[in-house]
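Single-letter residue listing:
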Amino acid sequence: MKTTTQDLALLGGAPAFKAPVHVGRPNIGGRARLLERLNAILDSRWLTNGGPCVQEFEARIAERLNVKHCIAVCNATVGLEIAVRALDLSGEVVVPSFTFVATAHALQWLGIKPVFGDVKRETHALDPQAVERLITPRTTGIVGVHLWGNPCDIEALSDLARRHGLRLMFDAAHAFGCSHAGRMIGGFGEAEVFSFHATKFVNCFEGGAITTNSDETARRARLMQNFGFSGYDQVECVGTNGKMSEISAAMGLTSLESMEQIIRHNRRLIEAYRRELAGIAGLTVLEYPLAERRNYQYVIVEIDAGRFGLSRDQLVEVLHAENLLARRYFYPGCHRMEPYRTLEPDAGRRLPVTEWLCDRVMALPTGTAVSGDDVAVIGSIIRAASRGADEVRRRRA
Ligand code: T4K
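Analysis parameters
Residues numbered from 1 in each chain as written. Predicted model: local features only at pLDDT ≥ 70, side-chain atom pairs only at ≥ 80, totals over all residues. Heavy atoms only, no water. Helix = DSSP H or I, 4+ residues; strand = E, 2+ residues; numbered from the N terminus. Rg over C-alpha atoms; globule rule 2.2 N^0.38 Å. Buried < 20%, exposed > 50% of the residue type's maximum accessible area, 1.4 Å probe, protein only. Contact = heavy atoms within 4.5 Å. Areas by Shrake-Rupley, 256 points an atom, 1.4 Å probe, with all protein chains shown as cover. Polar contact = N/O pair within 3.5 Å; in protein donor to acceptor, adjacent residues only side chain to side chain. Core = buried A, V, L, I, M, F, W, Y, C linked by side-chain atoms within 4.5 Å. Near = heavy atom within 4 Å. Domains from an automatic or database assignment. Expected span 1.5 Å × (residues − 1). Pairing = 2+ DSSP bridges. Axes fitted to C-alpha atoms, helices over the stretch in contact; angles between N-to-C directions. Left-handed = near helix turned anticlockwise from the far one by under 90°. Nonpolar A, V, L, I, M, F, W, Y, C, P; charged D, E, K, R; others polar. Patch = residues over 30% accessible without salt bridge, like charges linked within 9 Å, V, L, I, M, F, W, Y side chains within 5 Å. Salt bridge = Lys/Arg side-chain N within 4 Å of Asp/Glu carboxyl O. Right-handed = clockwise from strand over helix to strand, strands pointing away.

Colleague: I would appreciate a short explanation of the overall build of the protein in the present structure.
Modeller: In terms of helices and strands, the protein carries 15 helices and 16 strands. Expected size for 397 residues packed as a compact globule is a radius of gyration near 21 Å; at 22 Å, the protein falls within 12% of this value. Counting only C-alpha atoms and orienting by the principal axes, one finds that the protein spans roughly 70 × 55 × 40 Å. Buried residues in the protein amount to 56% of all 397 residues. Across the protein, the fraction of contacts at a sequence separation of at least 24, relative to all contacts at a separation of at least 6, is 71%. Per element, the accessible surface of the protein, about 16,900 Å² overall, is 52% carbon and sulfur.

Colleague: Is there a simple way to explain the environment of Ser214 in this structure?
Modeller: Relative to the elements of secondary structure, Ser214 occurs in the loop between β10 (208–212) and α7 (215–224). Residues Ser214 and Gly187, 27 residues apart in the sequence, show an inter-C-alpha distance of 9.2 Å. A distance of 2.9 Å separates a polar atom in the side chain of Ser214 from a polar atom in the side chain of Thr217.

Colleague: It is not clear to me how the nonpolar core should be interpreted in this structure. Could you clarify?
Modeller: Core analysis: the biggest nonpolar cluster contains 103 residues, and Phe57, Trp148, Phe176, Leu364 and Ile382 have the highest contact counts within it. Top element by residues in this core is helix α9 (residues 259–277). It accounts for eight residues. Ala83, Val93, Val193 and Leu351 belong to the second-largest nonpolar core, a separate cluster that totals 32 residues.

Colleague: Explain the site of the ligand to me, please; I cannot follow it from the model alone.
Modeller: As a structural note, the neighbourhood of the ligand is formed by 25 residues, with His22, Arg25, Thr77, Asp171 and Tyr329 the closest of them. Between His174 and the ligand, the recorded distance is 2.8 Å, taken from a side-chain N or O atom to an oxygen atom. Burial of the ligand by the surrounding chains reaches 75%, relative to a free accessible area of 910 Å². Those elements that provide at least two residues to the shell around the ligand are α3 (76–86) and α4 (102–108). Summarising the domain contributions, the shell around the ligand has at least three residues from each of domain 1 (5–20 + 259–396) and domain 2 (31–254).

Colleague: How should helix α2 (residues 52–65) be read in this particular structure?
Modeller: In this model, α2 (14 residues) spans 20 Å end to end at C-alpha, consistent with the 20 Å of a helix rising 1.5 Å per residue. One or two positions beyond α2, positive phi appears at Asn66, with a value near 55 degrees.

Colleague: Sorry if this is basic, but what is going on with the side chain of Thr217 here?
Modeller: Its place among the elements puts Thr217 in helix α7. For Thr217, a relative accessible area of 5% puts it in the buried group. Those residues in contact with Thr217, other than ones at most four positions away along the chain, are Ala86, Leu87, Glu190, Ala191 and Thr212.

Colleague: Can you walk me through the sheet that holds strand β16 (residues 361–364) in this structure?
Modeller: What links the strands of a sheet is backbone hydrogen bonding, and the strands pair in either a parallel or an antiparallel sense. Pairing is antiparallel across the open sheet formed by three strands, whose spatial order is β13-β14-β16. Looking along the sheet, the strands with just one partner apiece sit at the ends: β13 (283–285) and β16. Within the sheet, the average angular offset between the axes of one strand and its neighbour, ignoring direction, is 30 degrees. Of the pairings in the sheet, the one linking strand β14 (residues 299–303) to β16 comprises four bridges and is antiparallel in character. When the sheet's bridge partners are listed, Ile300 is paired in β16 with Ala363. Helix α11 (residues 312–321) rests against β14 and β16 of the sheet, and its axis sits at about 25 degrees to β16.

Colleague: In this structure, what is going on with the packing of α2 against helix α8 (residues 246–257)? I would like to understand it.
Modeller: Any two packed helices are characterised by the angle at which their axes cross and by the distance between the axes. Two numbers describe how α2 lies on α8: the axes approach to 8 Å, and their chain directions differ by 40 degrees. Here α2 runs over α8; the crossing is left-handed. Touching Pro52, Cys53, Val54, Glu56, Phe57, Arg60, Ile61 and Arg64 of α2 are Glu246, Ala249, Ala250, Gly252, Leu253, Leu256 and Glu257, all from α8. Of the residues belonging to the contact of α2 with α8, the class tally is nine nonpolar, one polar and five charged.

Colleague: Would you mind showing me how to read the sheet that holds β10 here?
Modeller: With respect to topology, seven strands assemble into an open sheet ordered β2-β10-β9-β6-β5-β3-β4, the strand pairing being mixed. Two strands close off the open sheet at either side, each with one partner strand: β2 (69–73) and β4 (113–117). Adjacent strand axes in the sheet meet at a mean angle of 25 degrees, parallel and antiparallel pairs treated alike. Pairing between β2 and β10: five bridges, direction antiparallel. For His69, the partnering residue across the bridge sits in β10 and is Thr212. α2 rests against β2, β9 (191–195) and β10 of the sheet, and its axis sits at about 135 degrees to β2.

Colleague: Could you clarify how one ought to interpret the environment of Leu10 in this entry?
Modeller: Residue placement: Leu10 occurs in the segment before β1 (21–22). By relative accessible area, which is 18% here, Leu10 ends up buried. In this structure, Leu10 is in contact with Glu317, Val318, Ala321, Glu322, Val392 and Arg396, ignoring residues within four places of it in sequence.

Colleague: Is there a simple way to explain the environment of Ala106 in this structure?
Modeller: Its location among the elements puts Ala106 in helix α4. Residue classification places Ala106 among the buried positions, given a relative accessible area of 1%. Remark: the alpha-carbon pair of Ala106 and Leu80, spanning 26 residues in sequence, is separated by 6.1 Å. In contact with Ala106, not counting residues within four places along its chain, are Thr77, Leu80 and Glu81.

Colleague: Even after reading the chapter, I still don't get a nonpolar patch on the surface, so can you show me in this structure?
Modeller: On the surface, a nonpolar cluster with roughly 260 Å² of combined accessible area is contributed by Phe227, Phe229 and Val235. Within the secondary structure, Phe227 is located in the loop between α7 and β11 (229–231).

Colleague: Which parts of the structure should I look at to understand the pairing of strand β5 (residues 139–145)?
Modeller: Consecutive side chains along a regular strand alternate between the two faces of the sheet. Of all seven residues in β5, six are buried; the element is thus mostly enclosed. Across three bridges, strand β3 (residues 92–96) lies against β5 in parallel orientation. Each bridged residue has a counterpart across the sheet, and for Glu92 the counterpart in β5 is Thr139. The pairing of β5 with strand β6 (residues 167–171) spans five bridges and is classified as parallel. From the neighbouring strand, Val143 faces β6, where its bridge partner is Met169. You can see the chain leave β5, run along helix α6 (residues 154–164) and come back into β6, and the turn it takes is right-handed.

See below:
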C-alpha cells in the first residue's frame, strides 16, 4: 500500500507490483477442459476449415445472442473487412475516431475512406447529429462502435441510415455479453463484429465473429470468409482466408464456459475500484447501467488535470513506475494516426469531444489476473498521487 507521496516509485519508493500488471491480461478459463478439447482435435486430425469446434462455437454464440447467424473468423479486424464487403460498402463510411485503429483500418484497407465523426461526451460513442453533418453523396454506410461494451445510440443511427439509404453495422469488439434495451448485442444493424482477441474477456487466443439476422449478409460473409468457396471446387465470389482454427474455437468454447464467472469477477472489481477511487477530485470512473447486461471488461477513468492536480499522462507515468500498466485507450485518436493524419490533417477541427477524451481517458487493469487486493493497492497509489500532485509535478519538472 502507498500511504505517502514519498512512497511513490516515481519519487524513489519501491514499485507496488513486482511483476507488471496489464490491462488486457487474458482470462484463461478451465485449463483441463481446454486440454481435453485440444487432445480431441489432435486425435481427429481436423485442425481447421470449419471443423466441429468452430461449428459448436458458432452455434453457442448464435444461441446466446439470440441471433440467426454467426460466422466465426480469425480476428475482428478481418471480420470487419468481410462484413464491410458483404454489405457492399464503398466510397465513404462514417466511423468514430475514438476507437481502436482497427475500426478505421478495416475500411481504409479496402480502399474506403473512413470519415471520422465526433462522439458524445457521456457515452464515448458516435454522435448521430455529428454523423448526419458528414453524409455526402459518396457516403454508403455507418460503422458504430459499442465502446467499452456500452452500445451506441442504435435507434438514432438506424433512423439516420434509413432516412439516407445507408448501410449500418457495428464494431462490437468490446460488447460480447452486453445488452441494449433488453436485447443482446449481436442482432443490431445489418451486421455486428465481435473480437475474441486474447485481451477480450472471452477469448480465442485470436478470434472474432460476424453476427447478423440477414440471410443474405450471412451467405455472403460465409463465402468471403473461405475464399468464396460455395462447394467442392466451386468458387462463386472473391474471398479471403478469414477462418477460425479449431484450437481458437476450443479456447473460445472453454472461455464461454467461464463467462458468467468472469463477469461476476469483473463486476466485483469495478465496484472495488469505485469504492477505492470515490471522492478523488478530478477523477471519474465510467458508469455502466445496472438495468442492462455488461461484461465490465473495461475500467475507464477520466482525469481532469485542473482538479486532480496531474494530467492523465502524468498519472500514467506514476502508475507505470509502480509496474501498473494503465493504458491511454484510445489516445491519440485514429484521425491523428497514419495514414489519416496525412490524408486529412484538419479532421481534428470537427472532433472536439474526441480530442478532449483522448487527452483524459485511461483504462485500468481488470479480469481474472487482477484481485480485489490489487485494486486496493491501485487505489492507494492514485490517492497518494492526487494528494502529492504538487510534489510529483515539482519533482518531474
Ligand atoms: N475494434 C475495437 C474497438 C477493438 O478494441 C479491437 C481490438 C478491434 C476492433 C480489433 O480486434 P482484433 O482484430 O484484434 O480481434 C490490444 C489488442 O491487440 C486488440 O485486439 C484490442 N482491440 C486492443 C484494445 O488491445 P494493444 O495494442 O493494446 O495490445 P498489447 O499487445 O499492448 O496488449 C495489451 C496488454 O495486454 C499489454 O499490457 C500486454 C497484455 N497481454 C497481451 C497479450 C496479447 C498479455 O498479457 N497477454 C497477451 O497474450 O491491442
